[in-house]
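# Structural overview
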Amino acid sequence: MSTLFEPYTLRALTIPNRVWMAPMCQYSAAPDGPEAGAPNDWHFAHYAARATGGVGLIVAEATAVSPEGRISPYDLGIWNDTQVEAFRRITRFLAAHGTVPAVQLAHAGRKAATDRPWKGGAPLGPDDHAWRPVAPSAVAFDERHQVPDELSTEQIREIVGQFRAAARRALAAGFEIAEIHGAHGYLINEFLSPHSNHRTDAYGGSYENRTRFAFEVVDAVREVWPDDKPLFFRVSATDWLDADGWTPDDTVRLAADLHARGIDLLDVSTGGNAPGVRIPTGPGYQVPFAARVRQETSMPVAAVGLITDAEQAEKILANGEADAVLLGRELLRNPSWARQAARELDARVRVPDQYHRSV
């Protein structure tokens, strides 16, 4: 039997297979007005196509816990009830077709207020729906980005509360899993890494201080997220810096600490917190980081990064390098990747009645 198409259970939830969709921003929400941050027809069609294509779990793209937490003005958000109602349409469809709906709760920190990637992704000015980014320290991501405002301890507590409120809304919206975004140079990652965190108070300096904000967010979300529902955390396992950055050793330590605080699975990515670094990309290039966490801790992991074919994905799981795989761009190219992979591996995957002729 194919490991890729075995069910996977976390807490009281069983996910029908190990082919999962990674969160990928679509930059397609309204930037302002009453529908700002709410998913629309594009998002419905985007996620519905992957559900009917056989994916076991879909993690909705980075969904901001506040307007200021968006990467761009066109990001999804979950800071009001209008957004909750719009998400319900999507989660109902996914659940009805056997796919588990998950959401990534996010705050962009110093990388906020940028344009859409296909327009260059440059930081926006005040005439383009922009706002002032915030961060652990007043250090810009690069020479193009705004210098962010350094967060006060009172503002940090406020953002922790925003994550808690967003988790409540995610539950009301019908999501079965919440993922806390601690990767790719966004706010939580900025606190974790000494490259971006230059604070000298209780939130900076030592590992214990730099992880404090992440743990406060996890505790706040776990407090309102039901005990029978899983909670994920996405991490960048390395900044890809030679010195003064977040390291794989830090990630292993963090994984154990997160697991003790109620995180059920670590979604292991890399990079995004330092510009201009050399990343040795290639097929499955981030899998070894996930494998190390799995081997050295009791934390389940999902692997991501240039996983593109069925045999490759099957081997990752069969070798014990991960418990599931998260596909990104490959699912953009082929929404029915899971059904195609099942055929290649002689496995079974659910098929909508309307598509049975394609089996």
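Check the entry above for the structure.
Residues numbered from 1 in each chain as written. Predicted model: local features only at pLDDT ≥ 70, side-chain atom pairs only at ≥ 80, totals over all residues. Heavy atoms only, no water.

Quick look at empty space enclosed by the protein now. The method is simple in principle: a probe with the dimensions of a water molecule rolls over the atoms, and the space it marks as empty is what remains. One pass over the structure, following the stated rule, counts 2 cavities of 30 Å³ or more. Estimates place the volume of the largest cavity at around 40 Å³. At the level of secondary structure, the elements contributing two or more residues to the lining of the largest cavity comprise β4 (57–64) and α2 (81–96). The residue inventory of the lining of the largest cavity, partitioned by class, reads 9 nonpolar, no polar and no charged. Taken as a whole, the second largest cavity spans an internal volume of roughly 30 Å³. (1 Å grid on protein atoms, 1.4 Å probe; cavity = no way out; pocket = protein on both sides within 12 Å on 5 of 7 lines; lining within 4 Å. Points joined across faces, edges and corners; volume = space filled by probe spheres on them. Helix = DSSP H or I, 4+ residues; strand = E, 2+ residues; numbered from the N terminus. Nonpolar A, V, L, I, M, F, W, Y, C, P; charged D, E, K, R; others polar.)

Here we come to the environment of His43. By the secondary structure assignment, His43 is in helix α1 (residues 41–52). The exposure class of His43 is buried, given its relative accessible area of 0%. Considered as a pair, His43 and Asp309 are 266 residues apart in the sequence and their alpha carbons are 25 Å apart. Once you skip the residues sitting within four places of it in the chain, His43 turns out to touch Gln26, Ser28, Ala29, Glu61, Leu76 and Ile90. (Buried < 20%, exposed > 50% of the residue type's maximum accessible area, 1.4 Å probe, protein only. Contact = heavy atoms within 4.5 Å.)

So, about the nonpolar core. Residues Phe213, Phe233 and Leu266 are the most contacted members of the largest nonpolar core, which totals 85 residues. At 8 residues, helix α6 (residues 212–224) tops the list of elements feeding residues into this core. If near-sequence neighbours (up to four positions away) are discounted, Phe213 is found in contact with Ile156, Ile159, Val160, Leu187, Ile188, Phe191 and Tyr203. Judged by nonpolar contacts, the second largest core, of 17 residues, contains Trp20, Val59, Ala302 and Val304. (Core = buried A, V, L, I, M, F, W, Y, C linked by side-chain atoms within 4.5 Å.)

Scanning all chains against the criterion turns up 9 aromatic pairs. Ring centres of Tyr8 and Trp20 lie 6.3 Å apart, and the angle between their planes is 50°; on these two criteria the pair is classed as tilted. Residue Tyr8 is found in strand β1 (residues 8–10), and its partner Trp20 is found in strand β3 (residues 19–21); the two are separated by 12 residues along the sequence. Here Tyr8 matches Trp20 in class, with each residue buried. Taken together, a centroid distance of 5.3 Å and an interplanar angle of 70° make the contact between Phe44 and Phe93 edge-to-face. Of this pair, Phe44 sits in helix α1 while Phe93 sits in helix α2, and the two are 49 residues apart along the sequence. Since its relative accessible area comes to 22%, Phe93 is described here as partly exposed. An aromatic cluster of three or more residues is present, and its members are Tyr8, Trp20 and Phe232. Over the face of the ring belonging to Phe141 we find Lys111, whose NZ or CZ atom lies 4.7 Å from the ring centre. (Phe/Tyr/Trp six-rings, centres within 6.5 Å; stacked < 30°, edge-to-face > 60°. Lys NZ or Arg CZ within 6 Å of the ring centre and 35° of its normal.)

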